Amino acid sequence: MASRCRLTAAQATILFLKNQFVERDGKELPFFAGCFGIFGHGNVAGIGQALQQNPDFPYFLPRNEQAMVHTATGFAKMSNRLRAFACTSSIGPGATNMITGAATATINRLPVLLLPGDFFARRHVAPVLQQLEVAQSQDVSVNDCFKPVSRYWDRISRPEQLLTALPAAMRVLTSPAETGAVTLSFPQDVQSEAAEFPSDFFAHRTWSIPRPRGDADTFNRAAALIRSASQPLIIAGGGVIYSEASAALAQFAAQTGIPVAETQAGKGSLPFDHPQNLGAMGVTGTPGANVMAREADLIIGIGTRYSDFTTASKTAFQNPAVQFININVAEFDAAKQMGLQLVADAKVALEELARAVSGYRVSSDHEDCIAHFRSQWEKEVERLFHLQHGPPVSQSEVIGLVNSVCEPRDVVVCAAGSLPGDLHKLWRARDPKSYHMEYGYSCMGYEIAGGLGVKMAAPDREVFVMVGDGSYLMMAQEIHTSLQEHCKLNVIVLDNHGFGSIGGLSQACGSSGFGTHYRYREGGQLAGDVVPVDFAANASSMGASAVRARTVDEIRHALILSRAAKQTTVTLIEVDESVRVPGYESWWDVPVAEVSEIKAVREARRDYERNIKRERHFA
Ligand SMILES: Cc1ncc(C[n+]2csc(CCOP(=O)(O)OP(=O)(O)O)c2C)c(N)n1
Ligand SMILES: [Mg+2]
């Protein structure tokens, strides 16, 4: 008879996770780097006890459950989805705090395993503290809220269900096409309950990450489409980076002369100075990328989800004859824009396409056009990096200063506010992993927590977290965790006293920045003086070294010291929100009120109605 061991369900879970490995291109890694967790009833005596008796499966104590999922997500993104964390919470609020993190992971297609505690499977003592009671069913808890934001969801009502649930969780977590948050909702009594498990369930198991080759006929049609294209454009998405296809893309672009535009997740696919790199695509794109996309007769989307920021709300591609080839591991994304669906790994597809289209090259006119846009753009970036405004300085100057202090392998991390758009346009990436933007969910609060995950994945790199004052005020507490873990971050807070981004959006919609500034209530409105925040005192209270910098020289000096420091450092910079980086040749669909008493709103609506006519359907 095969050997068996008696373990609690929680102990069996940790033992199983410890023995899961992944392999790609002949390189094997343990899939899990450990487990984050905040304990309460619901996990302290279950998963908590199991972690305690497995010290070789490291446990990490964060400050907030949402943040720990962001940290896990940043880690997985930085690891090109080859490594991940588990996250455990207590029942109730600890669990629901993870839902925003789960959505962030799933939308960005990044793996994280969530183990929220749950009600008693035994039910007898219900309602237990923090339990949601639902009158029409005893089988519903707050953890059911994870269902739409998880790529796999299960409830472990009996220990032996782990025998099928854990392998199913691993399949999804390690699938490039399906990965995202996986939730195993774990009733607290079941966690502590023992059962006999077959010992071979805990054997070393390696999950191969495939590099699927596309269907041969589809591949040939893709090659033929490229050969007959006169104005092709590549859109490089996150899939290029996760597949480690940068070198293949650089070679393909150099060989064919086809220009490349990058999405937020795809930025860094090519170094900024690659001759075919037109830079950012879409709403936050460069003039070159957007003008060439508008005229293109063929778009080759590689590893992109075609979000509205990439397609400029479906206005980016105006050539009546435009066609799409979509190279993607996920059929779901490959089918977008009614494109030719080449369901394949980016790296192998590019290597094989390079051979299949050998001899093809874009016209010299097309090449001249790329070179022209590139040199014009370099001038524009230089202008914005050296505005000599203020103090308070402009945000673009701060980006230029951070970029100039960074070494090529350093990483900039950001997620929400006006920084993502400005960074997408201006940041000069020199390494595929040097630009880390969470822009699938654009979740305020991701920045510092996610930056911690980046540092945990790449301890040999300097990590620069750029964060707005609004995002900082939502979630800065992981500075404390970064000190606990000796994971040094360079945090840069850009203070414009509120929501510069949404303030600008509100103005563009005729609503003059309503509700977007931190001001004292006066005369019934938020119209008084700025409510000041001493960010330096706040950061230093958690143990970070914090400095305020105002002028360009002070900022450069502070950043150099920060980079050289051993511990988490916070640099506070006041920026003038009125000096903005403009948009270039693009548009974003944000519906403006159809009727209003305010004249500016009516005017904005007229513009809106004109622009929405340019949105296209592709057949
Ligand atoms: C959790 C969350 N809530 C709300 C939003 C909507 N939102 C996007 S940017 C933003 C303001 C960000 O302010 P700040 O971090 O100061 O950056 P700034 O816009 O000033 O550059 C808001 C409220 C969001 N993206 N995430
Ligand atoms: Mg702000």
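Residues take numbers from 1 onward in each chain, read along the sequence in its written order. To read the labels, note that chains go from A and ligands from 1, taken in the order they are written. The predicted nature of this model means local features are confined to residues of pLDDT at least 70 and side-chain atom pairs, given and counted, to a pLDDT of 80 or more, with totals for whole chains, interfaces and linings taken over all residues. Excluding hydrogens and water, the side-chain values take into account all heavy atoms of the structure.

Novice: What should I look at first to understand the packing of aromatic side chains in this one?
Specialist: The way to describe two aromatic rings as a pair is by their centre distance and the angle between their planes. Aromatic pairs are defined between Phe, Tyr and Trp rings, using the six-membered ring for Trp, whenever the two ring centres lie within 6.5 Å; interplanar angles under 30 degrees are classed as stacked, those over 60 as edge-to-face, and all others as tilted. Using the criterion set out here, one finds 20 aromatic pairs in the structure. Among the aromatic residues, those joined into a cluster by ring pairs are Phe-16, Phe-197, Phe-201 and Phe-202. The ring of Trp-153 has Lys-147 lying over it, and the distance from NZ or CZ to the ring centre is 4.4 Å. Placement of a charge over a ring requires the Lys NZ or Arg CZ to be within 6 Å of the ring centre, with the centre-to-atom vector within 35 degrees of the ring normal. Lying across the ring of Tyr-435, Lys-267 places its NZ or CZ 5.5 Å from the centre.

Novice: Can you help me understand the sheet that holds strand β21 (residues 490-495) in this one?
Specialist: Strand pairing is defined by DSSP finding a minimum of two bridges between the two strands. Numbering of helices and strands runs from the N terminus; a helix is a DSSP stretch of H or I covering at least four residues, while a strand is a stretch of E covering at least two. If you trace the six strands from one edge of the open sheet to the other, you get β19-β18-β20-β21-β23-β22, paired in parallel fashion. Both edges of this open sheet fall to β19 (435-437) and β22 (545-549), since each of them pairs with a single strand only. Strand-to-strand twist of the sheet, defined as the mean angle between neighbouring strand axes without regard to direction, takes the value 20°. In this sheet, strand β23 (residues 569-574) lies alongside β22 in parallel orientation, the contact comprising five bridges. Angular values range over 0 to 180 degrees, each being the angle between N-to-C directions of two axes fitted as lines to C-alpha atoms, with helices fitted over their stretch in contact.

Novice: Looking at this structure, how should I read the nonpolar core?
Specialist: Across soluble globular proteins, nonpolar side chains have a tendency to be buried as a group. Membership of the largest hydrophobic core comes to 55 residues, with the highest contact counts inside it found for Phe-317, Leu-423 and Met-466. Sorting elements by how many residues they give to this core places helix α15 (residues 364-385) first, with six residues. If we ignore the near neighbours within four places in the chain, the residues touching Phe-317 are Ile-235, Met-281, Ala-293, Arg-294, Ile-299, Thr-311, Val-322, Phe-324, Gln-337, Arg-616 and Phe-618. Definition used in this section: a nonpolar core is a set of buried Ala, Val, Leu, Ile, Met, Phe, Trp, Tyr and Cys residues joined via side-chain atoms within 4.5 Å. Any residue under 20% of the maximum accessible area for its type is buried, any over 50% is exposed, and the rest in between are partly exposed; the area is computed with a 1.4 Å probe on protein chains only. Ranked by size, the runner-up nonpolar core spans 50 residues in total, among them Met-78, Val-463, Val-465 and Val-467. Residue contacts are counted whenever heavy atoms from the two residues lie within 4.5 Å of one another.

Novice: Sorry if this is basic, but what is going on with the site of ligand 1 here?
Specialist: Nearness is judged by heavy atoms alone; a residue qualifies as near a molecule or strand once a single heavy atom is within 4 Å of it. Around ligand 1 sit 15 residues in total, of which Ser-418, Asp-469, Gly-470, Gly-500 and Ser-501 are the nearest. Within the backbone of Ser-471, one N or O atom sits 2.9 Å away from an oxygen atom of ligand 1. The term polar contact refers here to a pair of N or O atoms within 3.5 Å; inside protein, the definition further demands a hydrogen-donor-capable atom paired with an acceptor-capable atom, and it admits residues adjacent in sequence only when both atoms are side-chain atoms. Between an oxygen atom of ligand 1 and a main-chain N or O atom of Gly-498, the distance comes to 2.9 Å. All accessible-area figures derive from a Shrake-Rupley calculation using a 1.4 Å probe, and residue coverage is judged against the displayed protein chains alone. Expressed as a share of its isolated accessible area of 580 Å², the protein-covered part of ligand 1 is 78%.

Novice: Can you walk me through the layout of surface pockets in this structure?
Specialist: The probe, sized like a water molecule, is rolled over the atoms to show the empty space still left. By volume, the second largest pocket amounts to about 420 Å³. Taken together, 17 residues form the lining of the second largest pocket, with Lys-27, Ser-79, Asn-80, Leu-82 and Glu-244 sitting closest to its centre. Of all the elements in the fold, those that place two or more residues in the lining of the second largest pocket are β3 (27-30) and α3 (65-78). Tallied by class, residues from the lining of the second largest pocket come to six nonpolar, two polar and nine charged. Points on a 1 Å grid, built from protein atoms alone, make a cavity when a 1.4 Å probe fits but cannot get out and make a pocket when they are open with protein on both sides within 12 Å along at least 5 of 7 lines; residues with an atom within 4 Å of a point are the lining residues. Grid points are joined across faces, edges and corners, and a volume is the space filled by probe spheres set on the points. Nonpolar residues are Ala, Val, Leu, Ile, Met, Phe, Trp, Tyr, Cys and Pro. Charged residues are Asp, Glu, Lys and Arg, and all others, Gly as well, are polar.

Novice: When you look at the coordination of the magnesium ion (ligand 2) in this model, what are you seeing that I'm missing?
Specialist: Six octahedral donors around a metal ideally subtend angles of 90 or 180 degrees, whereas four tetrahedral donors ideally subtend 109.5 degrees. The magnesium ion (ligand 2) binds to the protein through Asp-469 (OD), Asn-496 (OD1) and Gly-498 (O); the donor distances cover 2.0 Å. Distances up to 2.8 Å from the metal define which N, O and S atoms are donors, and 3.2 Å serves for Na, K and Ca; water is absent from the atom set, so sites may look incomplete. Spacing between the donor residues of the magnesium ion (ligand 2) along the chain follows D-x26-N-x1-G. Separated by 29 residues along the polypeptide, Asp-469 in helix α19 (residues 469-474) and Gly-498 in the loop between β21 and α21 (500-508) bring together distant segments of the chain.

Novice: Help me understand the side chain of Glu-577, please; the structure alone is not making it clear to me.
Specialist: Along the chain, Glu-577 falls in the loop between β23 and α24 (599-612). A polar contact is formed between the side chain of Glu-577 and the side chain of Arg-580, at a distance of 2.9 Å.

Novice: Honestly, the pairing of strand β16 (residues 323-328) in this entry has me stumped. Any pointers?
Specialist: Within a regular beta strand, the side chains point alternately toward one face of the sheet and then the other, so they alternate between its two faces. Of all six residues that make up β16, five are buried, and the element is covered over most of its length. In this sheet, β16 lies alongside strand β15 (residues 298-302) in parallel orientation, the contact comprising five bridges. When the bridges of β16 are listed, Ile-300 appears paired with Ile-325. Bridge count for β16 against strand β17 (residues 340-343) is four bridges, and the pairing is parallel. From the neighbouring strand, Ile-327 faces β17, where its bridge partner is Leu-342.

Novice: Quick question: what am I supposed to make of the pattern of salt bridges here?
Specialist: For side chains of opposite charge, pairing can occur when their charged atoms come near one another. A side-chain nitrogen of Lys or Arg and a carboxyl oxygen of Asp or Glu constitute a salt bridge if their distance falls within 4 Å. Applying the stated criterion across every chain yields a total of 30 salt bridges. The residue Lys-599 makes a salt bridge to Glu-603 at a minimum N-O spacing of 3.1 Å. Residue Lys-599 and its partner Glu-603 are located together in helix α24, separated by four residues, close to a single helical turn. Judged by its relative accessible area of 35%, Glu-603 falls in the partly exposed class.

Novice: What's the story with the sheet that holds strand β8 (residues 152-155) in this structure? I'm lost.
Specialist: In a beta sheet, neighbouring strands are held together by backbone hydrogen bonds and run either parallel or antiparallel to one another. Reading across the sheet, the six strands line up as β5-β4-β6-β7-β9-β8 and stay open at both edges, with parallel pairing between neighbours. Sheet topology places β5 (59-60) and β8 at the edges, where each strand pairs with a single neighbour. Pairing of strand β4 (residues 32-37) with β5 involves two bridges; the strand directions are parallel. When the bridges of β5 are listed, Phe-36 appears paired with Phe-60. The sheet contacts of α3 involve β4, β6 (84-89) and β7 (112-118), and relative to β6 the element is tilted by about 170°.

Novice: Teacher, can you tell me more about the side chain of Asn-43 here?
Specialist: Turning to its location among the elements, Asn-43 is positioned in the loop between β4 and α2 (47-52). Separated by 3.2 Å, the side chain of Asn-43 and the backbone oxygen of Ser-89 make a polar contact.

Novice: Can you walk me through empty space enclosed by the protein in this structure?
Specialist: Scanning all chains against the criterion turns up eight cavities of 30 Å³ or more. Reported here for the largest cavity is a volume of approximately 530 Å³. Lining the largest cavity are 37 residues, with Gly-238, Gly-239, Ala-265, Gly-303 and Arg-305 positioned closest to its centre. Elements represented by at least two residues in the lining of the largest cavity include exactly α9 (238-242), α12 (308-311) and β16. At three residues, α9 tops the list of elements feeding residues into the lining of the largest cavity. For the lining of the largest cavity, the residue count by class is 16 nonpolar, 14 polar and seven charged. In this structure, the second largest cavity occupies an estimated 180 Å³ of space.

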